[in-house]
Amino acid sequence: MNTLDEQHMRLAVSTANDARLRSRPNPWVGAVVVSLSGEVFTGSTLEPGNAHAEIVALSAAGNHAIGATLYSTLEPCSHTGRTGPCTTAIIEAGVKRVVVGTLDPDANVSGSGVQQLRNAGVTVDVGVLEHDVRAQLAPYLHHRSTGRPFVVLKMASTIDGRIAAADGSSKWITGETARKRVHQLRAESDAIVVGAGTVRADNPSLTVRDVHGPSPRRIVLGNIDPQANVHPCTQWTGSLTDLLDTLGNEGVVQLLVEGGARVAASFHRERLINQYIMHIAPVIAGGDNAAGVFAGPAAATMADMWRGRVVSTTNLDGDIEIILEPNLN
């Protein structure tokens, strides 16, 4: 793989981070235009209804786009939605080569963007830093491929697997940095779900604080008091699979599951979780009469246990964040 291609795509991936909180339900894409003389221009997706990353980068480049190479983390769109097709703008700008991180599974694109560019004589290469790009865009890719939101479970526990003390108190198991990270996860999610029991016990607001970003739509499994802090919210009494189908149809790209133990266990046992984010505190409960991460019966045998893969571990000022995902088959 061309080292310069990797370098410029890495810049595109970094640039895409700027769009993470503003572009949804559109993908958070980064683009880089490299002129014939080596000048570099960047862009990332704006709010829905505004320019995509490729257009932002092309606008920054101006006439320097003639004969240039454009790098985009995701396949350029080829259809007219709230904005015009990026492929047309790329061709009209005189770009001679396009490097794409990964193809877009959206039914309106799905390879047609690459084909339109090639039909116009533009050289297109696909798959540069694809693993990194797909990791960054995992919620979007999942939503467009399945019609359901990407489900993230976040749970905080002691090092011996307890989410509260014996008296039910849980504030605070983890420290300030870990709690700030939770607010970041909320800002990155379109909706958040908790059980009615958690609302009755803790009366949370489930809004974003301490970080910049929008608060997610709030979903409560069950019925709650009209005066609860979580209002306005959706109170859901149907199945979890129906919930995911409904939210997916409504444009929810990422759903954050934030407890409690029964809700976590329900999503886990139905194999609906795409990513587990576990915050482990250097705290020991020291017994078995406090709630564990998952309520209800454990796996009957070793063969029945869920096994995934560790994606990352991060030290959050003493607490440890472990991110797990299902094994790839």
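Keep in mind that what you see is a predicted model, and the values were worked out from it rather than measured. (Residues numbered from 1 in each chain as written. Predicted model: local features only at pLDDT ≥ 70, side-chain atom pairs only at ≥ 80, totals over all residues. Heavy atoms only, no water.)

**Considerations on the overall build of the chain**
Stage number 1. Tallying secondary structure elements over the chain gives 10 helices and 13 strands in all.
Stage number 2. Scaling as 2.2 N^0.38, a compact globule of 329 residues should have a C-alpha radius of gyration of about 20 Å, and the chain matches this with 22 Å.
Stage number 3. C-alpha extents for the chain along the principal axes are approximately 70 × 40 × 40 Å.
Stage number 4. Going through the 329 residues of the chain one by one, you find that 49% of them count as buried. (Helix = DSSP H or I, 4+ residues; strand = E, 2+ residues; numbered from the N terminus. Rg over C-alpha atoms; globule rule 2.2 N^0.38 Å. Buried < 20%, exposed > 50% of the residue type's maximum accessible area, 1.4 Å probe, protein only.)

**Quick word on the packing of helix H3 (residues 86–93) against helix H4 (residues 112–119)**
Two numbers describe a pair of packed helices, the interaxial angle and the distance between the axes.
Stage number 1. Following both chains from N to C, one finds H3 and H4 inclined at 25°, their axes separated by 10 Å at the closest point. Judged by the inter-axis angle, H3 sits roughly parallel to H4. Regarding H3 and H4, the two cross each other, and that crossing is right-handed. Along its contact with H3, which presents Thr87, Ile90 and Ile91, the element H4 presents Gly113, Gln116 and Leu117.
Stage number 2. Among the residues forming the contact of H3 with H4, the class breakdown is three nonpolar, three polar and no charged. (Axes fitted to C-alpha atoms, helices over the stretch in contact; angles between N-to-C directions. Parallel < 35°, antiparallel > 145°, perpendicular 65-115°, else oblique. Left-handed = near helix turned anticlockwise from the far one by under 90°. Contact = heavy atoms within 4.5 Å. Nonpolar A, V, L, I, M, F, W, Y, C, P; charged D, E, K, R; others polar.)

**Focus: the sheet that holds strand E5 (residues 123–126)**
Stage number 1. The strand order E2-E1-E3-E4-E5 describes an open sheet built from five strands, whose pairing is mixed. Both outer strands of the open sheet, strand E2 (40–44) and E5, are each paired with one neighbouring strand and no more. Strand-to-strand twist of the sheet, defined as the mean angle between neighbouring strand axes without regard to direction, takes the value 15°.
Stage number 2. Examined bridge by bridge, strand E4 (residues 97–102) and E5 share four bridges and lie parallel to one another. When the sheet's bridge partners are listed, valine 100 is paired in E5 with valine 126.
Stage number 3. Sitting on the sheet, helix H1 (residues 3–16) is in contact with strand E1 (30–34), E2, strand E3 (69–74) and E4, with an inclination near 50° to E3.
Stage number 4. The strands that H4 touches are E4 and E5; relative to E5, the one it contacts most, it runs at about 150°. (Pairing = 2+ DSSP bridges.)

**Details of the sheet that holds strand E11 (residues 275–281)**
Working definition: the strands of a sheet are paired by backbone hydrogen bonds and lie parallel or antiparallel to each other.
Stage number 1. Strand order in the open sheet formed by eight strands is E9-E8-E7-E10-E6-E11-E13-E12, with mixed pairing between adjacent strands. Because the sheet does not close on itself, it has two edges, and the strands there are strand E9 (234–236) and strand E12 (308–316). Going across the sheet, the axis of each strand differs from the next one's by a mean of 25°, ignoring polarity.
Stage number 2. Where E12 meets strand E13 (residues 319–326), eight bridges bridge the pair, whose relative direction is antiparallel. The partner of asparagine 315 across the bridge, within E13, is isoleucine 320.

**Thoughts on H1**
Stage number 1. Over its 14 residues, H1 runs 20 Å from end to end, which matches the ideal 20 Å to within 8%, given 1.5 Å per residue.
Stage number 2. Buried within H1 we find Asp5, His8, Met9, Ala12, Val13, Thr15 and Ala16. The buried residues of H1 occupy one face: seen down the axis, they fall within an arc of 160°.
Stage number 3. Each element contacted by the buried residues of H1 is listed here: E1, E2, E3, E4 and helix H5 (130–136). (Expected span 1.5 Å × (residues − 1). Arc of directions from axis to C-beta.)

**What to know about the nonpolar core**
Generally speaking, soluble globular proteins have nonpolar side chains that are buried together.
Stage number 1. Ranked by internal contacts, the top residues of the largest apolar core, which has 28 residues, are Val33 and Val98.
Stage number 2. Elements with a minimum of two residues in this core: E1, helix H2 (53–61), E3, E4, H4 and helix H6 (138–146).
Stage number 3. Considering each element in turn, this core owes the most residues, four residues, to H2.
Stage number 4. In contact with valine 98, not counting residues within four places along its chain, are Leu70, Pro76, Ile90, Leu117, Val122, Thr123, Val124 and Asp125.
Stage number 5. One finds Ala191, Val193, Ala261 and Tyr276 within the second-largest nonpolar core, a separate group that totals 27 residues. (Core = buried A, V, L, I, M, F, W, Y, C linked by side-chain atoms within 4.5 Å.)

**Some thoughts on the packing of aromatic side chains**
Stage number 1. Tallying each qualifying case throughout the model produces one aromatic pair.
Stage number 2. Between tyrosine 276 and tryptophan 306 the ring centres are 4.7 Å apart and the planes differ by 50°, which places this aromatic pair in the tilted class. Taken as a pair, tyrosine 276 in strand E11 and tryptophan 306 in the loop between E11 and E12 lie far apart in primary sequence, 30 residues in all.
Stage number 3. Residue classification places tyrosine 276 among the buried positions, given a relative accessible area of 4%. (Phe/Tyr/Trp six-rings, centres within 6.5 Å; stacked < 30°, edge-to-face > 60°.)

**A closer look at the side chain of serine 78**
Stage number 1. Residue placement: serine 78 occurs in the loop between E3 and H3.
Stage number 2. Polar side-chain contacts of serine 78 include one of 2.6 Å to the side chain of serine 112.
Stage number 3. In contact with serine 78, other than residues within four places in its own chain, are Pro85, Thr87, Asn108, Val109, Ser112, Gly113 and Gln116. (Polar contact = N/O pair within 3.5 Å; in protein donor to acceptor, adjacent residues only side chain to side chain.)

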